[in-house]
Protein chains: 2
Amino acid sequence: MSTELLDTLVATVGAANVLTGGDLSAWEQDWRKRFRGRALAVVRPGSTAEVAAVVRACAAHGTPLVPQGGNTGLVGGSVPDGSGRQVLLSLTRLNRVRAIDPANLTLTAEAGCILQSIQDTAEAQGLLFPLSLAAEGSCTIGGNLASNAGGTQVLRYGNARELCLGLEVVTAQGEVWDGLAGLRKDNTGYDLRDLFIGSEGTLGIITAATLKLYPQPAAVMTALATVPSMEQAVALLQLAQARLGPGLTGFEVMNGFSLDLVRKHFPQLRQPLPPSDWTVLLEQSDTESDAHARQLFEGLLEAALEAGVITDAAVAETLEQSHAMWHLRESIPLAQAEEGLNIKHDISLPVSRIPAFVASTDAALSARWPGLRLVDFGHLGDGNLHYNVQAPAGQSAADFLRDQEHAVNTVVYDAVMAHGGSISAEHGIGELKRDELVERKSPVAMGLMRAIKGALDPKGLMNPGRML
Amino acid sequence: MSTELLDTLVATVGAANVLTGGDLSAWEQDWRKRFRGRALAVVRPGSTAEVAAVVRACAAHGTPLVPQGGNTGLVGGSVPDGSGRQVLLSLTRLNRVRAIDPANLTLTAEAGCILQSIQDTAEAQGLLFPLSLAAEGSCTIGGNLASNAGGTQVLRYGNARELCLGLEVVTAQGEVWDGLAGLRKDNTGYDLRDLFIGSEGTLGIITAATLKLYPQPAAVMTALATVPSMEQAVALLQLAQARLGPGLTGFEVMNGFSLDLVRKHFPQLRQPLPPSDWTVLLEQSDTESDAHARQLFEGLLEAALEAGVITDAAVAETLEQSHAMWHLRESIPLAQAEEGLNIKHDISLPVSRIPAFVASTDAALSARWPGLRLVDFGHLGDGNLHYNVQAPAGQSAADFLRDQEHAVNTVVYDAVMAHGGSISAEHGIGELKRDELVERKSPVAMGLMRAIKGALDPKGLMNPGRML
């Protein structure tokens, strides 16, 4: 039945780009090895026109499509299911930067461009593309946009959504929508761009994007500061926002246990401050000069120290020290993996509610699971915590995950909802949280989403079973 | 036939809030008096629940609804048609600020709140709500969001869209979607918020919004500068962006004729600089101090003068002088109205294309209509020009408008499209540009828009005949 489709796909993209045999695990399995499926074929088109032709061919045969970029997602949104009936559409061959316009501060890139290569292309022009996240060396901009990726500079520059001015999309009907305008203002109709961004490939396939660039900052300052409580971490955020304004580009928080884990598993990493219940990583970007940046940054930390908001601070004196501070922060998920399986969360809350959320949820979890350990860290400036749960010391992490994950999630997500938060801040829904979404999202919102899905993808062939 | 509906509406919102007789021109006519209709009734609900009940009643009777805020729109999007069959739904009684959360930098306001009252509420907490436009004393936040309003600070803070974190919406079925989350990150499904923002009431009715606030700047600097050409105006923008970064909050351009008109009709307004082909208004917001702001701002202007990018500059020394400079800029549309009827445009282009667009379009228009006068001004920092056309001196402005508007628009919009621009940057589509949109927008985009409209408003009762 599918021979005819495969013949058409081969005729469209060439035999070398239709993979049906051998080891396809690079496409069929996610990098965390939590999701594994089997594809009818891995198809690798080389142009937008080829993507459109592939979509039309699949539509004609009623064959579902799963688009994939760098396959670095965390929610099982970009690997096929186990049916062997889905075509895995890899966008990695669409990897040209089509244009860069320094006077308009825009860059147009194809979906398969690696995020880091876009950062580098901008930097070569003295400009900044500020989207930055751990997977930047292998994730693609198409995937970043399809999942509305967040990262470490959202506080100042926004999510992937806010960094995109225009899109090129292949619709479920295999038509090409050219919405690649490099415009800051455009009120000609519904906001199709933002509908496709974050839709995880369930409405159409992003093939290219026009992105916002910024001038490179003249200086960047980084510091670690210990704070006595989450309340004081929020107070420090407010103080930093008032004093640095848009100069505050990073504000990460890490609890004591998360840095303990880094200390245990990566003892070679120097930790410039003594252990504390909470440590904050601050980053300031300055448009003027090193001297100006330092004066402003040290003024902030002195004022915070004087007010008792922080108990200690270490300012990076060199770029190397700055990288080492960020490296500490980025080592937390790795240290956690070394410690054993764990239950991950990616939640967001109004910043004002975070201290109460953390206090009451910590208490509720510890009461039910004595000795349970919390790896609590994240982008406090955006209200986004990776509030992860590790089994009590001495217990089997695998058993705990298997037996308690659902119950732990219920406690955490109930608390998130009670505080006006979200169960997915930056990782998306995919397959992992699809059922949770139905339970947690308002029925009116779900109804609107289903109506839109039905209107744009009436055959239900675009990444089915994900999100909805 | 409609007695039953009117009885239901009276029972829902009270007889005092269902207006069917007397002078209803405040609701039935737009403020520029270009659009005038007749409503079946003007209905003024006092709560979200009442809005939902009104929508359900109208849906049951197949009666179309036209939502209206402050009725300050420019494209005929919020007055009823002439049929006498449409219910005009006024949101002005939904005028409570429901909450303000300084630690989360958010404010939740009902749709009928006047923009200025929201600015004032934020300011009373030492915070800034940066949406700012000429109609702010009478426009409502619901209308601002429904039309994705722009204004004078988009360069730094974005359009109304970028200033909104969450919405409450009454759907076409009369259900209430509570999406009022005050979250910077939320990847739980399709971006319904941005779909309703800018949809001009054609998909549902915005009843409340959670808005972003910012710290108040410590100092604001304003200057006028003359530049020899549009090329140099763009060069000044790039220089200012590089040196001030996010501190650059305003960058307006005005051609010589637009300031000549202000000089002619408002001679009492002092113009600090001599006439020039182009004049730029710059605004810088600083998080530090007056002294720091001045040093940075004057440094920029000196560098620009030295490089020949500007020919002269005047920096406001007092708040009064700063207001006077903005007042000059804001007087252009009024001076233009004094001069007579004219053909207005609200276009956007990639900033890098503006010099070529202006040069070639000026030439094309002048060749075809010798003596034609261009009132060219706008938000150059956003690539948004109000490229308005006034009849040649001595000709009847009314005749010119009547006879030449379509031909002039064709020349201008053809050029806009050729340069990758938009025919509506910040004013929207409404009734005014609906037909133009079909001609200019890609058929694929129009198809997607119609599919969404059909899915969310299958009976076609939400602001029919607007946008689509």
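Just so it is clear, the structure is predicted and the values come from calculations on it, not from any experiment. Positions within a chain are numbered from 1, following the residues in the order the chain's sequence is written. Note on labels: chains are lettered from A, ligands numbered from 1, in written order. Owing to the predicted nature of the model, reporting of local features is limited to residues with pLDDT of at least 70; listing and counting of side-chain atom pairs is limited to 80 or more, with chain, interface and lining totals taken over all residues. Side-chain calculation: all heavy atoms of the structure are included, whereas hydrogens and water are not.

Draft legend 1. View of the relation of the copies chain A and chain B. The copies were overlaid by least squares, fitting only the C-alpha atoms of residues that reach a pLDDT of 70 or more in each copy. Rotating chain A by 180° and moving it 0.0 Å along the rotation axis overlays it on chain B with an RMSD of 0.0 Å. Both copies of the chain, as the preceding transformation shows, are related through a two-fold rotation axis.

Draft legend 2. Spatial organisation of the interface of chain A and chain B. Should any heavy atoms of two residues lie within 4.5 Å, those residues are considered in contact. Of the residues lining the interface, 80 residues belong to chain A; the matching set on chain B comes to 80 residues. Note on terms: buried area is the combined drop in 1.4 Å-probe accessible area of two parts once they are placed together, counting the loss on both. Both sides of the chain A and chain B interface together cover about 6,200 Å² of buried area, and 60% of this is carbon and sulfur. Looking only at chain A, the three residues that lose the most surface to chain B are Lys185, Asn187 and Tyr190 of chain A, adding up to 17% of its buried area. Salt bridges are identified by distance alone: a Lys or Arg side-chain nitrogen within 4 Å of an Asp or Glu carboxyl oxygen. Joining chain A to chain B, the criterion identifies six salt bridges. For Lys185 of chain B, the salt bridge identified is with Asp382 of chain A, shortest N-O distance 3.1 Å. For this analysis, a polar contact is any N or O atom pair within 3.5 Å, provided that within protein one partner can donate a hydrogen and the other can accept it, and provided that sequence-adjacent residues contribute only side-chain to side-chain pairs. Our count for the contact surface shared by chain A and chain B stands at 37 residue pairs in polar contact (both at pLDDT 80 or more). At the level of secondary structure, the elements contributing two or more residues to the side of chain A that touches chain B comprise helix H6 (154-157), strand S9 (176-179), helix H7 (192-196), helix H8 (230-244), helix H10 (290-306) and helix H16 (443-456) of chain A. The element that contributes the greatest number of residues to the side of chain A that touches chain B is H16 of chain A, accounting for nine residues. Basically, the charged four are Asp, Glu, Lys and Arg, the nonpolar ten are Ala, Val, Leu, Ile, Met, Phe, Trp, Tyr, Cys and Pro, and anything else, Gly included, counts as polar. Of the residues that constitute the side of chain A that touches chain B, the class distribution is 34 nonpolar, 30 polar and 16 charged. What counts as a helix is a DSSP run of H or I of at least four residues, what counts as a strand is a run of E of at least two, and both are numbered from the N terminus.

Draft legend 3. A look at the domain arrangement of chain A. Each assigned domain of chain A is listed with its residue range as follows: domain 1 (2-90), domain 2 (97-215), domain 3 (219-333) and domain 4 (340-428). Inter-centroid distance (C-alpha atoms) of domain 1 of chain A to domain 3 of chain A is 43 Å. For the domain bounds, the source is a domain assignment made automatically or taken from a database.

Draft legend 4. Molecular detail of the packing of aromatic side chains. Residues and elements named next belong to chain B. Working definition: rings of Phe, Tyr and Trp (its six-membered ring) pair if their centres are within 6.5 Å, and the pair is stacked with planes under 30 degrees apart, edge-to-face with planes over 60 apart, and tilted otherwise. Per the stated rule, a full pass over the model turns up eight aromatic pairs over all chains. Seen from their ring centres, Tyr157 and Tyr214 are 4.7 Å apart, and the 65° between their planes marks the pair as edge-to-face. One end of the pair, Tyr157, is in helix H6 (residues 154-157); the other, Tyr214, is in strand S11 (residues 214-215), with 57 residues separating them in the sequence. Across the pair, Tyr214 and Tyr157 agree in class, each one buried. Only protein chains enter the accessibility calculation, which uses a 1.4 Å probe; a residue whose area is less than 20% of its type maximum is buried, one above 50% is exposed, and one in between is partly exposed.

Draft legend 5. Spatial organisation of the sheet that holds strand S4 (residues 86-90) of chain A. Residues and elements named next belong to chain A. Here a strand pair is declared whenever DSSP counts at least two bridges between the two strands. The strand order S1-S2-S4-S3 describes an open sheet built from four strands, whose pairing is mixed. Because the sheet does not close on itself, it has two edges, and the strands there are strand S1 (18-19) and strand S3 (65-68). The sheet contact formed by strand S2 (residues 39-43) and S4 spans four bridges and is parallel. Its bridge partner lying in S4, Val42 is registered against Leu88.

Draft legend 6. Up close: the pairing of strand S19 (residues 384-390) of chain B. Residues and elements named next belong to chain B. Most of S19 is tucked away: seven of the seven residues are buried. Here strand S16 (residues 342-343) pairs with S19 via two bridges, running antiparallel. If you follow Ile343 over to S19, its bridge partner there is Val389. The pairing of strand S17 (residues 347-348) with S19 spans two bridges and is antiparallel. Paired with Ile347 across the strands is Leu385, a residue of S19. Across seven bridges, strand S18 (residues 373-379) lies against S19 in antiparallel orientation. Bridge pairing in S19 links Val375 to Asn388. Linking two consecutive strands that pair antiparallel, namely S18 and S19, is a turn of four residues; a positive phi of about 70° is found at Gly383 within it.

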